[in-house]
Every structure is written in structure tokens, then in C-alpha cells.
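Commentary on secondary and tertiary structure
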Amino acid sequence: MNKTSANSAPKASANQVARHDAAGSRSTIAKATPKVGFVSLGCPKALVDSERIITRLRAEGYAIASDYDGADVVVVNTCGFLDSAKQESLEAIGEAMNANGRVIVTGCFGVEEDRIRDAHPGVLAVTGPHQYERVMEAVHDAVPPLHDPFVDLVPPEGLRLTPRHYAYLKISEGCNNRCSFCIIPSLRGDLASRPANHVLAEAERLVTAGVKELLVISQDTSAYGVDIKYAESTWKGRALKARFYDLCAALGDLGAWVRLHYVYPYPHVDDAIGLMAEGKILPYLDIPFQHASPRVLKAMRRPAAQEKTAERIRRWRQMCPDLAIRSTFIVGFPGETDEDFEFLLAWLRESKINRAGCFKYEAVEGARANALPDAVPESVKEERWHRFMEAQREVSAELLEERVGEVIDVVVDTVDQGEIVGRSKWDAPEIDGSVLLESARDLHPGDRVRAKVLRADDYDLWAECVD
Ligand code: SF4
């Protein structure tokens, strides 16, 4: 590996890890340290990228192999500055393929994925410059890192700020939409979906660690996989496409509650409603509609703005009568007329949105909406906000009243001095309502119980355990 810049290669021998066995006696277990070969081409900036990746590899317990033979996988950090540099990169990839056969390509030339794959169809993954996370994911895929609970400072599921029984699962970064009030794409870039098997592997680690509810998030969950052309990856020995429906179905097999956030009403979302009706994923959709008036949605440049959403929701509820929809809305967007606002209120009542947050429009520095004419006066925004919240309160109260007398599933979130606060499957943590529980037996956060709904107010339920 003549171009290897990593010179800190440990010996390619089994790593002896000393630890206590279950009986408390000391035992020594041999574990083979996964080894990564590294070829670094190009300028000092590329070299720094290589150093960063190698640092991450070493921090995760990988050894850097000093030759191709000793490596479980080889990373080639390429240069794409000149044609001659590209040619050299292709040759280096070829050399690694011949000598080792398991190759991950990264760096500046990585932006020409088609050319690389045409020349070397067998490469495991191709990523661009500075894509450290993608390189690490590709390495994890090829050679999973070792985890030793007695040595590692971080558990395999990572460190989390959420309670033990639920966790957020991010399936992509960035966004391909260009809503006029939002600057997220300029901050986080275009959509970058994670391979399906990486998402599933993380979800499985979380479930193994005791997570009972997976909250699927991204900027645009229903667009999952579009950027990577729904690429297939291998999960549990079978091919899994990076496609919204396929991912939902596979997550539904893990045995945890699966809750979808930030979904847009694209036609293919209909398929996921079937999974909800079957009970594979929760009958819950968080769709940030932001408005209902077609005129305002157009000015907002919202995705799926042309969809007839009231009709879609009616159809979804026919397929899955239990479906709860949560959403967020903006009132007082530039150009919003009284007529637009009345349309929104009528739509809200007709669509029976279970949970809704509402924001008064605020200009965000750098957003295109700032240039729109007909700003709505603050006093009008305020009045519309109160009217919206009142309409939503009425819808929520009416829907919750219908639950009284039903026996429902509740997950316990907190137990504090006799007060037990839980949630139904129609409520996400932090943002939706609660179920205040009465129970004759001791309950703990994360317990799932059956409970009979005794009463309801505008936003919460009171229920008694029947288990
Ligand atoms: S508001 Fe629009 S542009 Fe911004 S992240 Fe959401 S979908 Fe993307």
C-alpha cells in the first residue's frame, strides 16, 4: 500500500481483551480487531480529511492495516483536481481492488461516482469530500466495530438525551424542498438519506437497549431514499430498498412502536396507511401542513401543495379509522387574506386534525418569503392565531370525548409521587397530549398497559389500568 499515509498501524494480531465473566472471575477473551487499510491521495486538504477519518476509525477501535493483505477493508481517499489526478485515483482504486477486493472510495473524485463504478463495479461505497459520516457508515457496514461493555465508554446504541423507553431515529439529513419561509436547505444542504440497513441497524440497537418507541425523523421523511435512487442494501440477509414504505415495514418488524414525523402528503404515503391499519406501525402521522389555502401554499412553495389534502385525509381514515394526524400551521404569512384564513379554519374542522401547533409568521433572515408583498399586520396575526387555537381546541375536545369508555394502550412516561403520566399511540412525547393513569399496581416509565378512558378534557385523557 505504497500511498498509505497512515503510519500508526498496530500489529495485525488478535487483541487480548481482559474482562470479568458473569461469575466475577477474570477471563481473557480474544477478539480480532477490525483493520482498515488507508490510501490517501491528493492535496494537504485531502490529507487532513484522511487524518480525520483515521482518527475516527482509531477512536472506534479500528486498527490501521499496513498492507492490503492485513486489511478487512480499504478506504481510498481520491483526488479529482486534474484529469491526471483522476486517472491516478482510478489506478489506486484498481490496485486496492486487485489486492484486497473490499474498497470504499471517498474524496474529491468521489463526486464522479458513475465513472468510478464504471471502471470498478465492485467498490463497496463511493462518497464525496468531507463526508466523514458516510465513510464511517460504509466502514461499519463492511466491518462492524467491536463493542466491549467493560472497556468502551459509549454503549453500542450511542448516548441519548431522551428517556430510556423512546428514541429519535434520524433517517436522512437536509432537504430538497425550497419552502419560501425556510432556510434549512441552505444550512443543512440537500437531502442525504442514510442507507436502509444503517437505519435498521441503529433501530435494532436501540430496541435491544430497551427502547420501546422509535420516533422517525428527518426534514422530509416521505422523501426518504429519493437522493440515493432507493439504493438497495443488505439487511438480515435480504435486499432492502431505501424506500419510505419498505423502511416503515422493516422498522415495524422490530417489535417497538414506530411513529412517523415530518411526512408530506405525497401519493406514496397512502401505502404506509395500510401498515398502520395492520398495526405494524402506529396510526399516527405528523404532517407539517403549514396551511390549507392553495394560494398560500403556493406562495410558501410547499411540497405536495397541489394535493387535495382534505380528500386524502378522508380516504386515509377510511383505510385506518384509528389514524391520528398532528400538524403545524403558520398564520399571517405574507399575502394571507381573510378568505385564506377562513378556508384554513374550515379545512381544519373538516379534516379533524387531532393535534396542531400554530405559529404567527416571522421573517427569517435569508428566507425568500421576506421579499413577498402584503405583510400581515401583527394585530391581525394575533387575532388569527387565537381563532385558530380556539378552533383546534374544539376539534381536539370533540375527538377526545369520543374516546371515553374505550380501552386503549398506554405507555408510561413518568411516575412521580403517585402521579402516573402516560401517552396513547395517538400522542407523541413532548408535543401532544397525555393520559393521566390510575393504577393499583406499581408502574415504571416504559411500561405499556391497557387502560379504560374515564374522562377527557380539551387535550388530555384520564384512564384506569385494566391489566
Ligand atoms: S420547511 Fe420546507 S424547505 Fe424547510 S426543511 Fe421543511 S420541507 Fe425543507
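Structure: see above.
Now for a look at the structure at hand.

Conventions used here
Residues numbered from 1 in each chain as written. Predicted model: local features only at pLDDT ≥ 70, side-chain atom pairs only at ≥ 80, totals over all residues. Heavy atoms only, no water. Helix = DSSP H or I, 4+ residues; strand = E, 2+ residues; numbered from the N terminus. Expected span 1.5 Å × (residues − 1). Buried < 20%, exposed > 50% of the residue type's maximum accessible area, 1.4 Å probe, protein only. Contact = heavy atoms within 4.5 Å. Pairing = 2+ DSSP bridges. Axes fitted to C-alpha atoms, helices over the stretch in contact; angles between N-to-C directions. Parallel < 35°, antiparallel > 145°, perpendicular 65-115°, else oblique. Left-handed = near helix turned anticlockwise from the far one by under 90°. Disulfide = S-S within 2.5 Å. Near = heavy atom within 4 Å. Nonpolar A, V, L, I, M, F, W, Y, C, P; charged D, E, K, R; others polar.

Glancing now at helix α12 (residues 378-401). A rise of 1.5 Å per residue sets the reference length of α12, with its 24 residues, at 34 Å; its end C-alpha atoms lie 34 Å apart and thus fit the reference within 8%. Among all positions in α12, only Lys381, Arg384, Phe388, Ala391, Gln392, Val395, Ser396, Leu399 and Leu400 are buried. Those residues of α12 that are buried lie in contact with β16 (324-331), α11 (338-351), β17 (355-360), β21 (448-456) and β22 (461-465).

As a general point, the strands of a sheet are linked pairwise by backbone hydrogen bonds and lie either parallel or antiparallel. Pairing is parallel across the open sheet formed by five strands, whose spatial order is β4-β3-β5-β6-β7. Looking at strand neighbours, the two that pair on one side only are β4 (63-64) and β7 (125-126), the edges of this open sheet. The pairing of strand β6 (residues 103-107) with β7 spans two bridges and is parallel. Following the sheet pairing, valine 105 is matched in β7 by valine 126. On top of the sheet, helix α2 (residues 83-99) reaches β5 (73-78) and β6; it is set at about 175° to β5, its chief contact.

Attention now goes to unusual backbone geometry. One non-glycine residue with positive phi stands out, namely tyrosine 262, at about 55°. Looking at where tyrosine 262 falls in the secondary structure, it is placed in the loop between β14 (257-260) and α8 (269-277). Judged by its relative accessible area of 35%, tyrosine 262 is partly exposed.

Here we take up the packing of α8 against helix α10 (residues 309-319). Look at α8 against α10: their axes get within 9 Å of each other, and the N-to-C directions meet at 30°. The orientation of α8 relative to α10 falls into the category roughly parallel. Read as a crossing pair, α8 and α10 show a hand that is right-handed. Contacts from Val269, Asp270, Ile273, Gly274 and Ala277 of α8 reach α10 at Arg312, Arg315, Trp316 and Met319.

As a further point, take the state of the cysteines. Enumeration according to the criterion identifies zero disulfides in this entry. With no disulfide of its own, cysteine 358 lies closest to cysteine 179 among cysteine sulfurs, the gap being 17 Å.

Below, the discussion takes up the environment of serine 66. Along the chain, the position of serine 66 falls in the loop between β4 and β5. It is 8.8 Å that separates the C-alpha atoms of serine 66 and valine 36, two residues lying 30 residues apart in sequence.

Lining the immediate surroundings of the ligand are Cys175, Asn177, Cys179, Phe181, Cys182, Ile184, Pro185, Gln219, Tyr264 and Arg302. Classifying every residue of the shell around the ligand by side-chain character gives seven nonpolar, two polar and one charged.

Within the secondary structure layout, glutamate 336 lies in the loop between β16 and α11. Under the relative-accessibility criterion, glutamate 336 is labelled buried at 5%. Filtering out sequence-adjacent residues up to four positions away, glutamate 336 remains in contact with His291, Arg295, Val296, Ile330, Val331, Phe341, Val376 and Arg384.

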